[in-house]
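A closer look at the structure
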Amino acid sequence: SSILLFFIFCIFMLIMVGKVRHYAITVFIVIILALGIVANPSVAKFLNTNIVRSEAGLSGRNKVYASSIKLLNSSSWLIGGGYNKSHEQLEQITGFSSTHNSYLAVLIRGGLVLFSGFIFALMYALRNILLIRKHDKLMGSFLLSIFFAYIIYSFAESQVIFFSSVTNYVVTVFVIYLPLYLLNNYKHTAQSGTR
């Protein structure tokens, strides 16, 4: 899923900066080279075993998703099952320490109340990114690509903004804090320039 996140980011970035046609030849050459490398049976076997992992299927995600919905139904849709309690219950039921879905993670821990705050924070970040894009198209496109990649990635992994792990903090920095700091800088620079 991390590799997929990177490719989603790259695709969005190319679309945002309008360089799809400019890089089309390079992308075409890279695809041809990649297909040539994958055509080697030992490389194809390595990729299938270690990266694609087709035999793993959904890696148990379908069981985790179903169990998360059951936990949510057995607790309160309004306030969830609690941050630690729902996490411990999910691990007891499935053996997995994560919901592998940011949206489900928020719902089972804090219900619709926390989910509303989560969506509000994302909309606030998107607004800030779009304002940054008016000041600096390249930086705005970079942040917008990160934002869209995160939204899609969140369906397969549980990396929730403002949650306490290191990876969640890194996501929070790139999705929330960096756009906020940059927008404040642009506003401050504009105000200083008008005085």
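Let me sum up the structure you'll find in this document. (Residues numbered from 1 in each chain as written. Predicted model: local features only at pLDDT ≥ 70, side-chain atom pairs only at ≥ 80, totals over all residues. Heavy atoms only, no water.)

**Side note on the overall build of the chain**
- Counting secondary structure elements, the chain contains eight helices and zero strands.
- Along its sequence from the N terminus, the chain presents helices and strands in the succession α-α-α-α-α-α-α-α.
- Buried residues in the chain amount to 33% of all 195 residues.
- Look at the contacts in the chain between residues 6 or more apart in sequence, and 66% of them connect residues 24 or more apart.
- Counting every atom, the chain has about 12000 Å² of accessible surface; 69% of that belongs to carbon and sulfur. (Helix = DSSP H or I, 4+ residues; strand = E, 2+ residues; numbered from the N terminus. Buried < 20%, exposed > 50% of the residue type's maximum accessible area, 1.4 Å probe, protein only. Contact = heavy atoms within 4.5 Å. Areas by Shrake-Rupley, 256 points an atom, 1.4 Å probe, with all protein chains shown as cover.)

**Structural notes on the environment of Ser165**
- Note on placement: Ser165 falls in the loop between helix H7 (137-153) and helix H8 (166-194).
- Of note is the side chain of Ser165, whose polar atom sits 3.3 Å from the side chain of Thr167. (Polar contact = N/O pair within 3.5 Å; in protein donor to acceptor, adjacent residues only side chain to side chain.)

**Quick look at the nonpolar core**
- If you look at the biggest cluster of nonpolar residues, it comprises 30 residues, and the most contacted ones within it are Phe118, Leu122, Phe147, Tyr150, Ile161 and Val175.
- Of all elements in the fold, only helix H1 (2-16), helix H6 (102-135), H7 and H8 reach the threshold of two or more residues within this core.
- Per element, the largest residue contribution to this core is 10 residues, and it comes from H6.
- Sequence-distant contacts of Val175, defined by excluding residues within four places in its chain, comprise Leu122, Ala125, Ile146, Phe147, Tyr150 and Ile161. (Core = buried A, V, L, I, M, F, W, Y, C linked by side-chain atoms within 4.5 Å.)

**What about unusual backbone geometry?**
- For His100, which is not glycine, the phi torsion reads 55° and is therefore positive.
- In this fold, His100 is placed in the loop between helix H5 (83-94) and H6.
- At Phe162, a position not held by glycine, the phi torsion is positive, near 70°.
- Within the secondary structure layout, Phe162 lies in the loop between H7 and H8.

**Considering the packing of aromatic side chains**
- Going through the model one piece at a time under the given rule, you end up with eight aromatic pairs.
- Seen in terms of ring centroids, Tyr103 and Phe155 are 4.8 Å apart; in terms of plane orientation they differ by 50°. Their pairing is tilted. Taken as a pair, Tyr103 in helix H6 and Phe155 in the loop between H7 and H8 lie far apart in primary sequence, 52 residues in all.
- Residues Tyr169 and Tyr177 carry aromatic rings whose centres are separated by 6.4 Å and whose planes lie at 55° to one another, so their mutual orientation is tilted.
- Residue Tyr169 is classed as exposed on the basis of its relative accessible area, which comes to 51%. (Phe/Tyr/Trp six-rings, centres within 6.5 Å; stacked < 30°, edge-to-face > 60°.)

**Some words on the packing of helix H4 (residues 61-74) against H5**
- Orientation of H4 relative to H5, taken along the N-to-C sense of each, is 135°, at an axis distance of 10 Å. Judged by the inter-axis angle, H4 sits oblique to H5. The chirality of how H4 crosses H5 is right-handed. Contacts from Lys63, Val64, Ser67, Ser68 and Leu71 in H4 reach Ser86, Gln89, Leu90, Ile93 and Thr94 in H5.
- Tallied by class, residues from the contact of H4 with H5 come to four nonpolar, five polar and one charged. (Axes fitted to C-alpha atoms, helices over the stretch in contact; angles between N-to-C directions. Parallel < 35°, antiparallel > 145°, perpendicular 65-115°, else oblique. Left-handed = near helix turned anticlockwise from the far one by under 90°. Nonpolar A, V, L, I, M, F, W, Y, C, P; charged D, E, K, R; others polar.)

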